[in-house]
Amino acid sequence: MKKIRYGLSFRLAVIFALFFAVAIILSGILTYRNQMAIYRVQCENSTRRIGVNLSSIIRQEGEDFAVFQREMMKYQNRVKVPLDFDEYMTAQMDFYDDLSKSYPGRTFGVDLSYEELNEEQKQKYLVYNYEYWTLLFNQATDDFGISCTYYLDMNEDAKQVAYLIDIERTTASEHLEGFTNNIVDDYVLGLSEEEIEEQDHYIYVCDTYNHSDPKFQPEWDAWDAEGDVQGYQIWNNEWGHTYAYYTPVIVGGRKIGLVGTEVDVETVNHSILLNSLQQVCIIGLILFLTLSALLVLIHTRYIRRLSNLDAAVREYTQDPEADVVKKFEVNNTGRDEISVLAGGLAAMVNELGEAKEETAQMEVLANMDSLTNVRNKTSYDSEIKNLQFEMESGLIDSYGIVIVDLNFLKRINDNYGHDKGNIALKKTCRIVCSVFSRSPVFRIGGDEFAVILKGEALAEKDALIQNFRDIMKDTAQNNSLEYWERVSAAIGMAVYDPEVDSSAENVFKRADADMYRNKKEMKAIRME
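All figures in this text were calculated on a predicted structure; none of them were measured in a lab. Residue positions within a chain follow its written sequence, with the count starting from 1. In keeping with the predicted nature of the model, local features appear solely for residues at pLDDT of at least 70, side-chain atom pairs appear and are counted solely at 80 or more, and the whole-chain, interface and lining totals rest on all residues. Here the side-chain values reflect all heavy atoms present in the structure, with hydrogen atoms and water set aside.

Q: Can you walk me through the environment of Met-472 in this structure?
A: Mapped onto the elements, Met-472 comes out in helix α16 (residues 461-476). With 18 residues separating them along the chain, Met-472 and Ala-490 place their C-alpha atoms 8.8 Å apart. Any two residues whose heavy atoms approach within 4.5 Å are treated as being in contact. Residues in contact with Met-472, not counting those within four places in the same chain, are Ile-431, Val-487, Ser-488 and Ala-489. A helix here means a DSSP run of H or I that spans at least four residues, while a strand means a run of E at least two residues long, and both kinds are numbered starting from the N terminus.

Here's what the structure looks like:
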């Protein structure tokens, strides 16, 4: 049977698996490299398109945005922009309401200029514009599924950049924590701790950084570019691992800043990997179907029948109760070796099933007490051997034996008949099983039961024994019950002591002696 199982079927499976694996690996590598080249170009085009669109919107604002940029850099963190804003209309209405009260009949941008505003009104103008542009950049980030967008004010002489618009909202405290990262703006250093804490309700705007390091050259190349910027910059720092693209913003024929767009490298790689996996899966499916078609005749004629026999044998091995005879007989359709094997297996399973059923019935009868349906003396002796093995193997380090003996069984049998004595025995057994529900219970004599305690049950031995005695006391004193139902039983217990006990038999004897002491006490009390 082993030769048939590991013959042609096994060798064909190995050849198929090796060929399939090599083809999938090669196609996966080639597909991934091709997808990497294509997707990076797409990524560059996508980030460029977003930057161009945002710069186009800024150009449409023209000098209004240039004024906003100039004044924001002038005031910087004196502009109190709330940290948690999610719309700009409230700040805009506040600005225009103030103007209508201060300059009735005049229209801002028509016959009222920014320079005519007072300091408070300028602050309100800058706040609402900052909220508007930040939300616009934030919306572009969400709509196009990229990591972030921002607007940079470039100081070429000092090689400094200021994040005029940044969807990452930071506070003065967070800005101060990052001061070692080339931050050159010293505004926050002049604040006291109380002032910094007060400003933590507002955004720290116009973060300024020194970008003279050569790694920032792509930003300055974009700033100096005459036309479209080619290529992108790869960032891998405390803000993440991203691809960044920069678009110059030109207003009135002069450059005023850069729009930066970034996409997360992990997101890009995940998309590349996903696309590659999809293509490899398609290739693998086609290859699998092609190879399967070539092997279908062999599988149909021989290997499938052998596989069915193997599956049936495995099922029977894992679950001897499974009905697999029919599965064997289905393959007994001819005069070849497979049919002979299937017929022999079916006959063998039938014979084993009958023998197993008889053996199981005999084992149950041999180990179970027919009256109480608990395990009998034979089972107890077997359990004691297992207990001794567990002790010697170090599987357990202690155990206890409880002995319970029904009182007055002979009196019940003599006065009321053996059927009533059987009732008393079964009731006593039920109580023992209920109290010691986590331990095996054995009937080891006519009126005697044994319980083996281990683990948690052993740790709770005193409580369990007291519970048993309380139940016995209540039952014996319950005058609403018939005499044979008011059962009374003595209980004794002993715990294995390596200094005293050489075997489980010694523990049993000490438990039995303890039970007889309890029986004498109960008889003395009954006589009183």
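Q: Would you take a moment to explain the packing of helix α3 (residues 63-75) against helix α5 (residues 119-144) for this structure?
A: A pair of packed helices is captured by two measures, namely the crossing angle of their axes and the spacing between those axes. In this analysis, axes come from line fits to C-alpha atoms, helices being fitted only over the stretch in contact, and the angle between any two N-to-C directions falls in the range 0 to 180 degrees. Running from amino to carboxyl end, α3 crosses α5 at an angle of 115°, the nearest separation of the two axes being 10 Å. Here α5 runs roughly perpendicular to α3, going by the angle between their axes. Note that α3 runs across α5; the crossing there is left-handed. Within the contact between the two elements, α3 uses Asp-64, Phe-65, Phe-68, Glu-71, Met-72 and Tyr-75 and α5 uses Glu-119, Lys-122, Gln-123, Tyr-125, Leu-126, Asn-129, Tyr-130 and Trp-133. Note on residue categories: nonpolar means Ala, Val, Leu, Ile, Met, Phe, Trp, Tyr, Cys or Pro, charged means Asp, Glu, Lys or Arg, and polar means any other residue, Gly included. Tallied by class, the residues present in the contact of α3 with α5 amount to eight nonpolar, two polar and four charged. These descriptions rest on fixed angle ranges, namely under 35 degrees for roughly parallel, over 145 for roughly antiparallel, 65 to 115 for roughly perpendicular, and the rest for oblique. In this scheme the crossing of two helices becomes right-handed for a clockwise turn of the near helix relative to the far one and left-handed for an anticlockwise turn of less than a right angle.

Q: For this particular structure, what's the right way to read the pattern of salt bridges?
A: Here the idea is simple: oppositely charged side chains can pair when their charged atoms come close. Criterion for a salt bridge: a side-chain nitrogen of Lys or Arg within 4 Å of a carboxyl oxygen of Asp or Glu. Evaluated as defined, the whole model comprises 17 salt bridges. When the shortest N-O distance is used, the salt bridge between Asp-369 and Arg-443 registers 3.2 Å. Of the two residues, Asp-369 is situated in the loop between α11 (337-367) and α12 (377-393) and Arg-443 in strand β8 (residues 441-443); the sequence distance between them amounts to 74 residues. On the basis of relative accessible area, Arg-443 is assigned to the buried category, the value being 15%. Between Glu-460 and Arg-438 there is a salt bridge, and its shortest N-O distance comes to 2.3 Å. Pair noted here: Glu-460 is in the loop between α15 (455-459) and α16 and Arg-438 is in the loop between α14 (418-435) and β8, with a separation of 22 residues, a long-range link. Looking at Arg-438, the relative accessible area reads 48%, which means it is partly exposed. A single network of salt bridges, built from pairs that share partners, joins Asp-94, Asp-98, Glu-120 and Lys-124. Each residue's exposure class comes from its accessible area (1.4 Å probe, protein chains only) as a fraction of the maximum for that residue type: buried when under 20%, exposed when over 50%, partly exposed otherwise.

Q: Explanation requested: the pairing of strand β9 (residues 448-453) in the structure shown.
A: Working note: regular strand, side chains alternate between the two faces of the sheet. With six of six residues buried, β9 lies mostly within the body of the structure. Burial along β9 is two-sided: Glu-448, Ala-450 and Ile-452 facing one way and Phe-449, Val-451 and Leu-453 facing the other are all buried. Pairing of strand β7 (residues 400-406) with β9 involves six bridges; the strand directions are antiparallel. Across the sheet, residue Gly-400 finds its bridge partner in β9, namely Leu-453. The criterion for strand pairing is that DSSP finds at least two bridges linking the strands in question. The hairpin formed by β8 and β9 contains four residues between the paired strands.

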